Amino acid sequence: MTALRTTTVGAADHPSTNWTTWLRGRISGLVPPGEALPDRQPAYVVSWIYVFGVLTLAALVVVLVSGAVLAAGGVAWWHVSGLGHFVNSMHLWSVELFFAFMVIHLWGKFWMAAWRGKRVLTWVIGVLAFVASIGTAFTGYLSQSNFDAQWISAEAKDGLNAVAIGAWFNVLNPGQMLLWHVLLLPVAVGIVTVWHIVLVRRHGVVPPLDSERGE
Amino acid sequence: MASPDLLLSASSGHYIHVGVINVSVTNLLIVLAMIVVFVLALVLPFPGAGDLGPDRGEQS
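Our focus in this paragraph is helix α4 (residues 82–111) of chain A. Compared with an ideal rise of 1.5 Å per residue, which puts 30 residues at 44 Å, α4 of chain A spans 43 Å between its outermost C-alpha atoms and is within 8% of the ideal. In the segment just after α4 of chain A, Ala-113 of chain A is the residue with positive phi, at about 45°.

The next point concerns unusual backbone geometry. Residue and element names in this part refer to chain A. Phi is positive for Ala-113, which is not a glycine, with a value near 45°. Locating Ala-113 in the fold gives a position in the loop between α4 and α5 (120–142). For Ala-113, a count of 13 C-beta atoms within 10 Å translates into the label partly exposed. The backbone of Ala-164 sits at a positive phi, close to 65°, despite the residue not being glycine. Positionally, Ala-164 belongs in the loop between α6 (147–162) and α7 (174–203).

As defined by bridge partners, strand β1 (residues 15–18) of chain B adjoins strand β2 (residues 21–24) of chain B across 4 bridges and the pair is classed as antiparallel. Paired with Ile-16 of chain B across the strands is Val-23 of chain B, a residue of β2 of chain B.

Residues and elements named next belong to chain A. Relative to the helices and strands, Ala-132 is located in helix α5. C-beta crowding within 10 Å serves as the criterion here: with 20 such atoms nearby, Ala-132 is assigned to the buried category. Once residues within four sequence positions are removed from consideration, Ala-132 is found in contact with Leu-185, Ala-188, Val-189 and Val-192.

Attention now goes to the environment of Val-120 of chain A. Assignment of secondary structure puts Val-120 of chain A in helix α5. Remark: the alpha-carbon pair of Val-120 of chain A and Leu-199 of chain A, spanning 79 residues in sequence, is separated by 10.0 Å.

Calculation rules
- Residues numbered from 1 in each chain as written.
- Chains lettered and ligands numbered in written order.
- Predicted model: local features only at pLDDT ≥ 70, side-chain atom pairs only at ≥ 80, totals over all residues.
- Helix = DSSP H or I, 4+ residues; strand = E, 2+ residues; numbered from the N terminus.
- Expected span 1.5 Å × (residues − 1).
- Buried ≥ 20, exposed ≤ 12 C-beta atoms within 10 Å, placed from the backbone.
- Pairing = 2+ DSSP bridges.
- Contact = placed C-beta atoms within 7 Å.

Right, here's the structure in full:
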């Protein structure tokens, strides 16, 4: 019988130079142990105003799923199918809720000065998520394949040309706008959203202004 | 077939114009509803918040 031979590459007493080891360390060090998916929160989180961040995230999930179904059906599907129209309406209204929840989340965090306690980057990445979301919604309006989309693009082109980006971001090109809407901007929103959540888990939920703890 | 009047009323909303502010009634109502939700989120008690007592420590 052949003996099973095992080889250990990168012994524990030698610092490993493997990129996998480096990446594992970076990922595991993103948030403190146990904070990635916590089951306990500070008592001050027991307030409705702290709910709107996760409501925004929940709405984003519905946006992405309904958008994926729409992408499978194609841009004209919702014009000719009852089911397509229903999914399109789900996509629209989940976006409406996404923005409403996000803006109320923004109001709450602004009035509690949520950038306190080394949370400036969390606030800034949240701003980036907001801006990227506006761009995604805008290109969505341009991808409706109807007269509304035509009207919006014709109105928008002068403004975008005035800030000198019309040459590479042409709102009169529905194919380009559709690809920005279904690929580039969702990837951007996804990255900044994950970054935002990692920073929230890293630094913890900001305490209220009148809280004596956490400052 | 929709009449021209119906098409006209479906395509144009009602707008409120005050100085540089020009907002549709629909959007104004949505903004007002968001403000109402925001205020309610601040004043309404969260379920279970009363069980914490004076010791505001960690809770599950």
